[in-house]
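These are the residues of each chain, in order.
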Amino acid sequence: MTQGVLEQTPAETAGTTTTETKYVYFFGDGHADGNGKMKDELGGKGAGLAEMTNAGLPVPPGFTIQTEACREYMRGKLSPQIDKEMKAALARLEVLQGQKLGAGENPLLVSVRSGAKFSMPGMMDTILNLGLNDEAVEALAKRSNNPRFAYDSYRRLIQMFGDVVLDIPKKKFEHIFDGVKAKKKVRFDYELQPDALQEIIDEYKKLVKKETGKDFPQDPMEQLAEARDAVFRSWQNERAKTYRRINRIDDWLGTAVNVQAMVFGNLGESSGTGVGFTRNPATGEHKFFGEYLMNAQGEDVVSGVRTPLSISELDKAMPRVYEQLKDITRRMEKHYRDMQDFEFTIQDGKLYMLQTRNGKRTGLAAVRVAIDMVKEGLITQDEAIFRVEPNQLYDFLVPRLVEKGEKIEVLATGLPASPGAAVGQIVFTAEDAVKYHNNGTYKSVILVRGETTPEDIAGMEVADGILTSRGGMTSHAAVVTRGMGKCCVAGAGDCTVDEAKKELRVKGHTYKQGDYISLDGTTGRVIAGKLKTLEAQPDDPDLVTFMSWVDPVRRLRIRANADIPRDAKNARAFGAEGIGLCRTEHMFFAEDRIEHMRAMILADNEKDRRAALKRLLPMQRADFIGLFKAMEELPVTIRTIDPPLHEFLPKREDLMVQIARLEETKPRSPKLKELRTLLARVEELHEQNPMLGLRGCRLGITFPEITEMQARAILEAAVAVKLKGGNPHPEIMIPLVGGIEEMRNQAAIVRRVADEVFKEKGAKVDYMVGTMIELPRAALTAGQIAEEAEFFSFGTNDLTQTTFGISRDDINNFLPAYLKQGIFKFDPFATLDQAGVGQLVKMATDRGRSTRPNLKVGICGEHGGDPESVKFCHKTGLNYVSCSPFRLLTARLAAAQAALEETHGGSTGSK
């Protein structure tokens, strides 16, 4: 099924559920083969908990409310069956535990967590210690003989419930908490004594009353129902919507809700909590990896509030628990045949597993893990190809800092949370990151925070790098930036971040907003000033091995967009199988050519135009010789001049200012006449809508001598290379054709010039003449155009503009509103609109090949490097896609995955 930018999803258009729908599953109930394969209903977390339970692992019991309940909530009406099944599952849990929710001498407490089909770390909400109230907290204090633990658990519940359920800003709770810490003169949370915690609880309850007009709910069932609905609501919060948009996750999948008996890591020094991975998520090294804290709850580890210990330290503190944890996670990895991300709690020396899921990882790690698992016999090569997301291969191309010959001042060293390098101007809020990026004030942005929170997702998306002073390798900043492929240094403890004053203080320096710093996400260093960066080399042995599995599988050829020999050489290094778009107009902007180009434009007769073009001819020819040499025998598609002529002239407003100044200061300057002539020509060429005016083939038809010069330069260059032993394959592409007549006119000129050149030089080359399909009319009349065109290349940037009636330059004026309201599912200039523009591509391909069966067809817009668009091109039967050199690896992998999906009838990997 094709997916359009405006199209509703199957989940959204599905009807209401039947009365037979089962909404609540107790961990381990369900199909005979367990619930691990029920991710659509139970979410990844719920399915994992069910499967771990069935495997006999130490999992606190609980139940999952399935995703259909969330979809019902979004539609505005929950089935009464949900409450009925939830109460029945809770009763079963109470019997199993021998406890009552929030009641009795040993009250049952539960956690309420989200869990979507695809992992969305930190994007939705969690509530711990649910069931506590004024009576239950005293019972818990007595039962545990640890009042500090009981009151700490209660204050955490009120804060989380207040933030998540009651929408009271988290900062208001933190202000109270920090105030009591300051008053008691303690540095760490765990140093607060029971009386201080009781004071905090009292102040929290007053805050709830003030903000909501109601007391904090004392009824545990009321807490549970409200918490469930709040988790459903969190599916629609801004950070979750942004994350889904970035990761192309269906808005109507919904989240499950997992209700699980609490185990406590904050009971004392024999209790703790942690998160980990069965392999290193940054490098892929087959080494047990993770972090933990003693006397803490899970949120303390991932929130960055405290800097955790390496999991290897647990071997010293609790060797038996450490070995048990390693054994369980090793078994889980073997069972799931993928790297696992797990959470655990130790309560009074006993280990409990809270969740497992396939772990997020960097591109470097994804490739290494895939290769190692093939060697270990866990997966096949075909499966390995699906274990890497196409965009993750960009990690192999991330820049590195240039340090040789530079005086480096390392300000701080944090954790190497996500590899690569970033150099930019610092900002201290996500809002400022978005603002200064969008308005162009800062060319590159470094987001500096004490610790990031899920609310920072929009700022993290536009930032080039992220620096945090707190948090570890599994903090929110680390996990999210690794998924995004951005550089991140986390837990740089020597840095003091004052977000109120917008200052970064470190090593005696004070950096303010807009100052430059450099980050090395591979080593964790924070470096003073603005270093240069060095582009990565795509010759990593793991990458070479992985791509040797990828390339034989794909049918679609991958070319690069490249205008100069240097770009062509880069493209070859990244695996380009030709050039799909060389934009000749870019060559005219060079300093030694713009003068001749302007002379050609200013000429008011053909003779003078030809004289200017004659001066440009050897320059263009030299450019093309360089391209043909770089690409050797591979095809090179060269587009004749496309943009309006006024783009090569100074702006009208700038000319008017220059003339006014000269008239005032040097009224007799001979330059005045020159500038006035230039202004007159600029005004003559002025168009109300230049993108739909005199450009593309219309220029070549109006001034055929331009097409003649370019065709001659291309073909003379090709012959020259051939005479020196080369084997060039030029493909001359006519832009903006709307019908057969325009194509016939320009093709005739090219073929006439070719005959002339071959006769003059005494040698021939194989060449093709084709067109760029970028207008709806061209797609509709493609069958006729193919009578003259030997190939089609879809200019999907302009085809998107002309199909939607949207300017690519102006879409950002309303795109955020369209994405936020769900009118657009994605930016149509980033991912091809398959339901609209894609249908034009398919129609033109079919009609063109009905006329010319061997018609070569490709695309050369920005969509050529987008994985979803590449897969569409494969399904549509195109011969190739062309993209920027730095997206070639992505396109190659996406094409291979598309071929395997077709062969296997669906993905053979896991997400």
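*Asks:* Tell me about the overall build of the protein, and please be specific about residues and values.
*Replies:* Helix and strand counts for the protein stand at 34 helices and 31 strands. In terms of its C-alpha atoms, the protein occupies a principal-axis envelope of roughly 100 × 70 × 50 Å. With 124 positive and 127 negative side-chain charges, the protein shows a spacing of 2 Å between the two charge centroids.

*Asks:* Just give me the short version of the sheet that holds strand β10 (residues 350–358), but keep the residues and values in it.
*Replies:* In space, the five strands of this open sheet follow the order β8-β7-β6-β9-β10, with antiparallel pairing throughout. Each having just a single partner strand, β8 (309–310) and β10 make up the two edges of the open sheet. Here six bridges tie strand β6 (residues 272–277) to strand β9 (residues 340–347), and the two strands are oriented antiparallel to one another. Note on β9: the bridge partner recorded for Val275 is Glu343.

*Asks:* Requested: an account of unusual backbone geometry, with residues and values cited.
*Replies:* Positive phi, close to 60°, is recorded for Asp167, a residue that is not glycine. Inspection of the secondary structure assignment puts Asp167 in the loop between α6 (147–164) and α7 (170–184). Using a relative accessible area of 60% as the deciding quantity, one classes Asp167 as exposed. In this structure, Leu736 takes a positive phi of about 60° despite not being glycine. Mapping Leu736 onto the fold places it in the loop between β27 (729–734) and α27 (740–761).

*Asks:* Give me the packing of helix α21 (residues 594–602) against helix α22 (residues 606–631): which residues, what numbers.
*Replies:* Two quantities define a packed helix pair, namely the angle between the helix axes and the distance between the axes. Direction vectors running N to C along α21 and α22 enclose 155°, while the axes themselves pass 8 Å from each other. Here α21 is positioned roughly antiparallel relative to α22, judged by the angle of their axes. Along this stretch, α21 crosses α22, giving a crossing that reads as left-handed. Of the residues in α22, those touching α21 at His596, Met597, Ala599 and Met600 are Arg609, Ala612, Leu613, Arg615, Leu616 and Met619. Classifying every residue of the contact of α21 with α22 gives seven nonpolar, one polar and two charged.

*Asks:* So, the sheet that holds strand β1 (residues 24–26): which residues are in play, and what are the values?
*Replies:* Taken in spatial order, the five strands of this open sheet run β1-β2-β5-β3-β4, and their pairing is antiparallel. Of all the strands in the sheet, the pair left with one neighbour each is β1 and β4 (126–130). Averaged over all neighbouring strand pairs, the angle between strand axes comes to 20°, with direction disregarded. Both strand β3 (residues 110–116) and strand β5 (residues 255–261) contribute to a ladder of seven bridges, which runs antiparallel. Within the sheet, the bridge partner assigned to Gly115 lies in β5 and is Ala256.

*Asks:* An account of the pairing of strand β15 (residues 445–449) is needed here, citing residue identities and associated values.
*Replies:* A large share of β15 lies buried, amounting to five of its five residues. The two faces of β15 match: Val445, Leu447 and Arg449 on one face and Ile446 and Val448 on the other face are all buried. Where strand β14 (residues 421–427) meets β15, three bridges bridge the pair, whose relative direction is parallel. Its bridge partner being in β15, Ile426 is matched across the sheet by Ile446. In this sheet, strand β16 (residues 465–468) lies alongside β15 in parallel orientation, the contact comprising four bridges.

*Asks:* Kindly report on the pattern of salt bridges, identifying the contributing residues and their values.
*Replies:* Close approach of charged atoms allows side chains of opposite charge to pair. Tallied over the entire structure, the rule returns 71 salt bridges. A salt bridge links Glu731 to Arg559, with the shortest nitrogen-to-oxygen separation between them at 3.0 Å. In this pair, Glu731 is assigned in strand β27 and Arg559 in strand β24 (residues 557–561), connecting sequence segments 172 residues apart. The class of Arg559 is buried, set by a relative accessible area of 3%. Each of Glu606, Arg610, Arg621, Glu708, Arg712, Glu716, Arg752, Glu756 and Glu760 takes part in one network of salt bridges that share partners.

*Asks:* Go over the side chain of Thr255, please, and point to the residues and values.
*Replies:* Looking at where Thr255 falls in the secondary structure, it is placed in strand β5. Sequence-distant contacts of Thr255, defined by excluding residues within four places in its chain, comprise Thr67, Cys70, Ser114, Gly115, Ala116, Met124, Val231, Phe232 and Trp235.

*Asks:* Got a sec to walk through helix α5 (residues 134–144)? Specific residues and values, please.
*Replies:* Taken together, the buried positions of α5 are occupied by Ala136, Val137, Ala139, Leu140 and Ala141. Residues of α5 that are buried sit in contact with α6. At the N-terminal end of α5, a side-chain oxygen is found 3.1 Å from the backbone nitrogen of Glu135, two or three residues along, and the residue is Asn133.

*Asks:* Lay out the packing of aromatic side chains in plain terms, naming residues and giving numbers.
*Replies:* Scanning all chains against the criterion turns up 14 aromatic pairs. On the numbers, 6.2 Å between centres and 55° between planes, the contact of Phe277 with Phe289 is tilted. Taken together, the residues span a long stretch of sequence, with Phe277 in strand β6 and Phe289 in strand β7 (residues 289–294) at a distance of twelve residues. The class of Phe289 is buried, set by a relative accessible area of 14%. Pairing Tyr818 with Phe824 gives two aromatic rings, centres 4.9 Å apart and planes at 75°, and the pair type is edge-to-face. Overall, Tyr818 belongs to the partly exposed group, its relative accessible area being 30%. Of the aromatic side chains, those joined through ring pairs into one cluster are Phe288, Tyr322, Phe342 and Phe344.

*Asks:* Describe in detail the state of the cysteines, supporting the description with residues and values.
*Replies:* Under the criterion given, the structure shown has zero disulfides. For Cys860, which is in no disulfide, the shortest distance to another cysteine sulfur is to Cys873 and amounts to 11 Å.

*Asks:* Give me the lowdown on the nonpolar core, citing residues and values where you can.
*Replies:* Judged by nonpolar contacts, the single largest core of 127 residues is most densely connected at Leu393, Phe546, Met597, Phe624, Phe628 and Phe792. When sequence neighbours within four positions are dropped, the list of residues in contact with Phe624 reads Cys582, Thr584, Met587, Ile638, Gln710, Ala713, Ile714 and Ala717.

*Asks:* Explain the packing of α6 against helix α8 (residues 194–212) residue by residue, including any values.
*Replies:* Relative to each other, α6 and α8 sit at 20°, their axes nearing to 9 Å. Taken together, α6 and α8 sit at an angle that is classed as roughly parallel. As for the relative orientation of α6 and α8, their crossing is left-handed in sense. Across from Pro147, Arg148, Tyr151, Asp152, Tyr154, Arg155, Ile158 and Gln159 in α6, the residues of α8 making contact are Pro194, Leu197, Gln198, Ile200, Ile201, Tyr204, Lys205 and Val208. For the contact of α6 with α8, a count of residues per class yields ten nonpolar, two polar and four charged.

*Asks:* Got a sec to walk through the environment of Asp395? Specific residues and values, please.
*Replies:* By secondary structure assignment, the location of Asp395 is in the loop between α15 (381–386) and β11 (400–401). On the basis of relative accessible area, Asp395 is assigned to the buried category, the value being 6%. Sequence separation between Asp395 and Gln340 is 55 residues; the distance between their C-alpha atoms is 21 Å.

*Asks:* Provide a residue-level description of the side chain of Ser469, including the pertinent values.
*Replies:* By secondary structure assignment, the location of Ser469 is in the loop between β16 and α18 (476–484). Ser469 sits in the buried class, given a relative accessible area of 7%. With near-sequence residues (within four places) excluded, Ser469 lies in contact with Arg449, Gly450, Gly491, Ala492, Gly493, Cys495 and Val497.

*Asks:* Report on the environment of Leu900, specifying residues and quantitative values.
*Replies:* Along the chain, Leu900 turns up in helix α34 (residues 888–904). A C-alpha to C-alpha distance of 7.9 Å links Leu900 and Arg554, two positions 346 residues apart in sequence.

*Asks:* Talk me through helix α13 (residues 319–336); I want residue IDs and the actual numbers.
*Replies:* Between the first and last C-alpha of α13 there are 26 Å, a value that for 18 residues agrees with the 26 Å anticipated at 1.5 Å per step. Within α13, the full set of buried residues consists of Val321, Tyr322, Leu325, Ile328, Thr329, Met332 and Glu333. Take α13 and look down its axis: the buried residues cluster within an arc of 140°, on one side only. More than 90 degrees from the buried face of α13, the exposed residues found are Arg320 and Lys334. Contacts made by the buried residues of α13 are with α2 (39–54), α12 (314–317), β9, β10 and α14 (363–375). The positive-phi residue at the C-terminal boundary of α13 is Arg337, with phi of around 55°.

*Asks:* An account of the environment of Arg148 is needed here, citing residue identities and associated values.
*Replies:* Relative to the assigned elements, Arg148 resides in helix α6. Residue Arg148 is classed as buried on the basis of its relative accessible area of 15%. When the C-alpha atoms of Arg148 and Leu878 are compared, they prove to be 67 Å apart, with 730 residues separating the residues in sequence. Once residues within four sequence positions are removed from consideration, Arg148 is found in contact with Asp189, Tyr190, Glu191, Leu192, Pro194 and Leu197. In this structure the side chain of Arg148 is engaged in a polar contact, spanning 3.0 Å, whose partner is the backbone oxygen of Asp189.

Rules of the game
- Residues numbered from 1 in each chain as written.
- Predicted model: local features only at pLDDT ≥ 70, side-chain atom pairs only at ≥ 80, totals over all residues.
- Heavy atoms only, no water.
- Helix = DSSP H or I, 4+ residues; strand = E, 2+ residues; numbered from the N terminus.
- Lys, Arg positive; Asp, Glu negative; His and termini not counted.
- Charge placed at Lys NZ, Arg CZ, Asp CG, Glu CD.
- Pairing = 2+ DSSP bridges.
- Buried < 20%, exposed > 50% of the residue type's maximum accessible area, 1.4 Å probe, protein only.
- Axes fitted to C-alpha atoms, helices over the stretch in contact; angles between N-to-C directions.
- Parallel < 35°, antiparallel > 145°, perpendicular 65-115°, else oblique.
- Left-handed = near helix turned anticlockwise from the far one by under 90°.
- Contact = heavy atoms within 4.5 Å.
- Nonpolar A, V, L, I, M, F, W, Y, C, P; charged D, E, K, R; others polar.
- Salt bridge = Lys/Arg side-chain N within 4 Å of Asp/Glu carboxyl O.
- Polar contact = N/O pair within 3.5 Å; in protein donor to acceptor, adjacent residues only side chain to side chain.
- Phe/Tyr/Trp six-rings, centres within 6.5 Å; stacked < 30°, edge-to-face > 60°.
- Disulfide = S-S within 2.5 Å.
- Core = buried A, V, L, I, M, F, W, Y, C linked by side-chain atoms within 4.5 Å.
- Expected span 1.5 Å × (residues − 1).
- Arc of directions from axis to C-beta.

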